[in-house]
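# Close look at the chain arrangement
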Amino acid sequence: MEPQDARDPAGPGPAFHPLFETVPLTISNVLSLSHRLYTARWGLIVGAFSLAVVIQWIIGAVTGLIDIAIFGQGLIVSPLNLLAQILISTPLLVGALYVAVRVYRNEPATLGDLWIGFSRWLPVVAVGLLVQLAVYGAMLPIGVAAGILAGAGGGPATVAVAVILAIGLLILAIWLSIRLYFATMLCADPAGPNLGVVDSITTSWRITSGHAWTLFVVAVAMGIVAMLSLVLLIVPFFLYGGPVLVCGGAAAYALACHKAGIIPLAPYDDCPHCGYSMRDAPTDICPECGNVVHRAG
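One structure accompanies this document, and this report is about it.

### Details of the overall build of the chain
Counting secondary structure elements, the chain contains 10 helices and 0 strands. Of the regular secondary structure in the chain, the N- to C-terminal order runs α-α-α-α-α-α-α-α-α-α. Across the 297 residues in the chain, those meeting the buried criterion constitute 44%. Within the chain, counting contacts between residues at least 6 apart in sequence, those at least 24 apart form 66% of the total.

Right, here's the structure in full:
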């Protein structure tokens, strides 16, 4: 394991004392924390999420009309709309998540934190684009196979195989998205080690190791709630479904970063990297693995 002080000479930085107790990253804990985080500052979190979504919808509508005016109807891909989504949507989504993260870490969060993704706009956009390409690239072979089978006919057996491949495609997409979900946030978060494009992606992959299926179940459960609130009545989506989904991501991000020793939520008694007891250690360097560990005092 590479010592943390070799990656970040400044060490892990100041510890945050969160509004909630620091707990293991489990399904029940994340689901519970997401609702508690939502109720703690529901007005701010709902406002940030709603503003981010409305801005994206407006930009999507305007650029979609421009694409139709320039290229005509029947486009498979709308170039200007796609470009706007890449350049603006990713930083906005990071900002909505960051607002909830700051509430969780007991920082003085405001609506202005919604724009944090634009403070490092170019690397954040680059990370978001690479993550999307990785997910689409991994799904492509299964998607092509499912499409060929579905269009080839051949009876119920062929259709069943196509359905299984399509389900596998969805599971793979969600799983990969979860493993890389924190990359843009790690790139933008001022409390973190100010990672570059590649390091943000690899660090997200590392800190979700061991938690992937926990986060998968959480994402599916909370995604269903958000989808139902959007399909049935759009107002509950803005007031609850979408914001709670963001709160779940914020709680998982804060706990995962704490567990990995990247952004501590409170001083550590045990090394977050190897579990070695630091209670009697004479320095902040773990005698077992050599990492710098933020401790009280």
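So, next bit.
### Some remarks on the layout of surface pockets
Approximately 1600 Å³ is the volume attributed to the largest pocket. As for the largest pocket, its lining consists of 45 residues, of which Leu93, Ser177, Ile178, Tyr181 and Leu245 are closest to the centre. Mapped onto the lining of the largest pocket, the elements with two or more residues apiece are helix H3 (42-71), helix H4 (79-104), helix H5 (121-152), helix H6 (156-180), helix H7 (183-188), helix H9 (212-232) and helix H10 (234-260). Per-element tally for the lining of the largest pocket: the top contributor is H9, with 10 residues. The residue makeup of the lining of the largest pocket, split by class, is 33 nonpolar, 12 polar and no charged.

### Here we look at unusual backbone geometry
For asparagine 106, which is not glycine, the phi dihedral falls at a positive 65 degrees. On the secondary structure map, asparagine 106 appears in the loop between H4 and H5. Its relative accessible area of 44% is what places asparagine 106 among the partly exposed residues. With phi around 55 degrees, asparagine 194 is a residue other than glycine that occupies positive phi space. Within the element layout of this structure, asparagine 194 appears in the loop between H7 and helix H8 (197-207). Owing to a relative accessible area of 53%, asparagine 194 belongs among the exposed residues under this scheme.

### Digging into the side chain of arginine 105
Looking at the element boundaries, arginine 105 is found in the loop between H4 and H5. The class of arginine 105 is buried, set by a relative accessible area of 2%. Separated by 2.8 Å, the side chains of arginine 105 and glutamate 107 make a polar contact. Setting aside its immediate chain neighbours within four residues, arginine 105 contacts Phe16, His17, Pro18, Tyr98, Asp189, Ala191, Tyr253, Ile263 and Leu265.

### Focus on the packing of helix H2 (residues 27-40) against H3
Two elements in contact, H2 and H3, have axes whose closest approach is 5 Å; the angle formed by their N-to-C orientations is 95 degrees. When the axis of H2 is compared with that of H3, the two are roughly perpendicular. Mapping the contact onto sequence places Leu37, Tyr38, Thr39 and Ala40 in H2 and Trp42, Ile45 and Val46 in H3. Taken together, the residues of the contact of H2 with H3 sort by class into 6 nonpolar, 1 polar and no charged.

### Observations regarding the nonpolar core
Ranked by size, the top nonpolar core spans 64 residues in total, and within it Leu37, Tyr104, Phe182, Ile207 and Tyr253 carry the most contacts. If one sorts the elements of this core by residue count, H10 sits on top with 14 residues. Those residues in contact with tyrosine 104, other than ones at most four positions away along the chain, are Pro18, Leu19, Phe20, Glu21, Leu33, Leu37, Ala251, Ala254, Leu255 and Leu265. If you look at the next biggest cluster of nonpolar residues, it comprises 7 residues, including Cys271, Ala281, Cys289 and Val293.

### As for the pattern of salt bridges
Pairing is possible between side chains of opposite charge, provided their charged atoms come close. A full pass over the atoms with the stated rule returns 5 salt bridges. The network of salt bridges with shared partners includes Arg102, Arg105, Glu107, Asp113 and Asp189.

### Quick word on the side chain of serine 200
Tracing the chain through its elements places serine 200 in helix H8. In this structure the side chain of serine 200 is engaged in a polar contact, spanning 2.6 Å, whose partner is the backbone oxygen of glycine 196. Once you skip the residues sitting within four places of it in the chain, serine 200 turns out to touch Val127, Ala183, Leu186, Cys187 and Leu195.

### Concerning the packing of aromatic side chains
Inspection of every chain in the model, using the stated rule, returns 12 aromatic pairs. With 5.7 Å between their ring centres and 90 degrees between their planes, tryptophan 175 and tryptophan 205 make a pair best called edge-to-face. Placement of tryptophan 175 in helix H6 and of tryptophan 205 in helix H8 is noted, with a sequence separation of 30 residues between them. Among the residues examined, tryptophan 205 registers a relative accessible area of 34% and is labelled partly exposed. A connected cluster of aromatic rings, assembled from ring pairs, spans Phe49, Trp57, Phe237 and Phe238. The aromatic ring of phenylalanine 16 is capped on one face by arginine 105, whose charged end is 4.7 Å from the ring centroid. Above the ring of tryptophan 205, the side-chain terminus of arginine 179 is found at 3.9 Å from the ring centroid.

### Side note on H4
If you check H4, its first and last C-alpha atoms are 38 Å apart, about what 26 residues at 1.5 Å a residue would give, namely 38 Å. Trailing H4 by a residue or two, asparagine 106 shows a phi angle of about 65 degrees, which is positive.

The rules we used
Residues numbered from 1 in each chain as written. Predicted model: local features only at pLDDT ≥ 70, side-chain atom pairs only at ≥ 80, totals over all residues. Heavy atoms only, no water. Helix = DSSP H or I, 4+ residues; strand = E, 2+ residues; numbered from the N terminus. Buried < 20%, exposed > 50% of the residue type's maximum accessible area, 1.4 Å probe, protein only. Contact = heavy atoms within 4.5 Å. 1 Å grid on protein atoms, 1.4 Å probe; cavity = no way out; pocket = protein on both sides within 12 Å on 5 of 7 lines; lining within 4 Å. Points joined across faces, edges and corners; volume = space filled by probe spheres on them. Nonpolar A, V, L, I, M, F, W, Y, C, P; charged D, E, K, R; others polar. Polar contact = N/O pair within 3.5 Å; in protein donor to acceptor, adjacent residues only side chain to side chain. Axes fitted to C-alpha atoms, helices over the stretch in contact; angles between N-to-C directions. Parallel < 35°, antiparallel > 145°, perpendicular 65-115°, else oblique. Core = buried A, V, L, I, M, F, W, Y, C linked by side-chain atoms within 4.5 Å. Salt bridge = Lys/Arg side-chain N within 4 Å of Asp/Glu carboxyl O. Phe/Tyr/Trp six-rings, centres within 6.5 Å; stacked < 30°, edge-to-face > 60°. Lys NZ or Arg CZ within 6 Å of the ring centre and 35° of its normal. Expected span 1.5 Å × (residues − 1).

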